[in-house]
Every structure is written in structure tokens, then in C-alpha cells.
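The chain contents come next:
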Amino acid sequence: MTKQKELIKHMDKLGYIFAYVPGFSDDFLMWQSKINENDIFGLDGWDAVDSTINKAYEIMSKYTRKEILKMEDILHPEYDRFAIKIAKNNIKNNSLAIAN
């Protein structure tokens, strides 16, 4: 399996699907929430997708559900806003079990 397919599967587990957004998809890899079609964001390349996935998993392993839902990227500069967004969406979607 290619690295890109593996990353798409991880994003799917986290509650996002690969999306085409006119005007943006030429420059970014776009992701749309499975539960909110207006929740769309783009990442600049596959390395950024990989990094964001890893950060989202790290957030979900370190923090409780309540802590994650209260997280803001300005208060947690070690995580980018998209990793926090993915972790929050995962809780709302119950895509993956969170240890805490």
C-alpha cells in the first residue's frame, strides 16, 4: 500500500475524507469531515498530512475527552490547529476510542 493510501485510511478513521474543492485542491490536499460537510481544511502536502495525523493521535493519547474539547491552538502551540480540530471531530464522531 502506498504511503498516500495509508494516510487517507488514517484520516478516514479520524473522521475525514479526501475532498476536491475548486480553487483550493490545486494547491492543497483537502479534507472534509464525514459529519459536517462545511468542516473542510487543506494541508500542504503528504508530509503535512502525516505530521497532522501523528499530532492528532498524540493529543488523543495524552488528554481526556473534556480536555480535548476545551483545547485551543493558541494555548497548545505544540499542536497545530488542524490536529486539534481532527481530535475534536473524532470525539464528536466517535470514530476512534480515546483512552481517557
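Participant: Explain the overall build of the protein chain here, please?
Facilitator: Scanning the protein chain from N- to C-terminus turns up four helices and three strands. Along the protein chain, from the amino end to the carboxyl end, the secondary structure elements read α-β-β-β-α-α-α. Taking the principal axes of the C-alpha coordinates as reference, the protein chain spans close to 35 × 30 × 25 Å. For the protein chain, with 100 residues in total, the buried portion stands at 36%. Within the protein chain, counting contacts between residues at least 6 apart in sequence, those at least 24 apart form 49% of the total. Put simply, the protein chain shows about 6,100 Å² of open surface, and 50% of that area lies on carbon and sulfur atoms. Of the charged side chains in the protein chain, 14 are positive and 15 negative; the average position of the first set lies 8 Å away from that of the second.

Participant: Mind showing me how you'd approach the sheet that holds strand β1 (residues 16-19) here?
Facilitator: Working definition: the strands of a sheet are paired by backbone hydrogen bonds and lie parallel or antiparallel to each other. If you walk across this open sheet you meet the three strands as β1-β2-β3, and the pairing is antiparallel. Two strands close off the open sheet at either side, each with one partner strand: β1 and β3 (40-43). The mean inter-strand angle of the sheet, taken between neighbouring strand axes irrespective of direction, is 35°. Note that strand β2 (residues 29-33) and β3 share four bridges and pair antiparallel. If you follow L29 over to β3, its bridge partner there is L43. With respect to the sheet, helix α1 (residues 3-13) is in contact with β1, β2 and β3, its orientation differing from that of β1 by roughly 130°.

Participant: Is there a simple way to explain helix α4 (residues 81-93) in this structure?
Facilitator: Since there are 3.6 residues in each turn of an α-helix, residues three or four apart along the chain are aligned in direction. In a regular helix each residue adds 1.5 Å, so 13 residues correspond to 18 Å; α4 covers 18 Å between its end C-alpha atoms and thus fits that length. If you check which residues of α4 are buried, you get F82, A83, I84, I86, A87, K88, N89, N90 and I91. Those residues of α4 hidden inside the fold are in contact with α1, β1, β2, β3, α2 (46-62) and α3 (65-70). The backbone nitrogen of F82 has a side-chain oxygen 3.0 Å away, supplied by the residue at the start of α4, namely D80. Among the residues trailing α4, N94 stands out with phi positive, at a value near 55°.

Basis of the calculations
- Residues numbered from 1 in each chain as written.
- Predicted model: local features only at pLDDT ≥ 70, side-chain atom pairs only at ≥ 80, totals over all residues.
- Heavy atoms only, no water.
- Helix = DSSP H or I, 4+ residues; strand = E, 2+ residues; numbered from the N terminus.
- Buried < 20%, exposed > 50% of the residue type's maximum accessible area, 1.4 Å probe, protein only.
- Contact = heavy atoms within 4.5 Å.
- Areas by Shrake-Rupley, 256 points an atom, 1.4 Å probe, with all protein chains shown as cover.
- Lys, Arg positive; Asp, Glu negative; His and termini not counted.
- Charge placed at Lys NZ, Arg CZ, Asp CG, Glu CD.
- Pairing = 2+ DSSP bridges.
- Axes fitted to C-alpha atoms, helices over the stretch in contact; angles between N-to-C directions.
- Expected span 1.5 Å × (residues − 1).
- Polar contact = N/O pair within 3.5 Å; in protein donor to acceptor, adjacent residues only side chain to side chain.

Function cannot be inferred from these measures alone, as they are strictly geometric.
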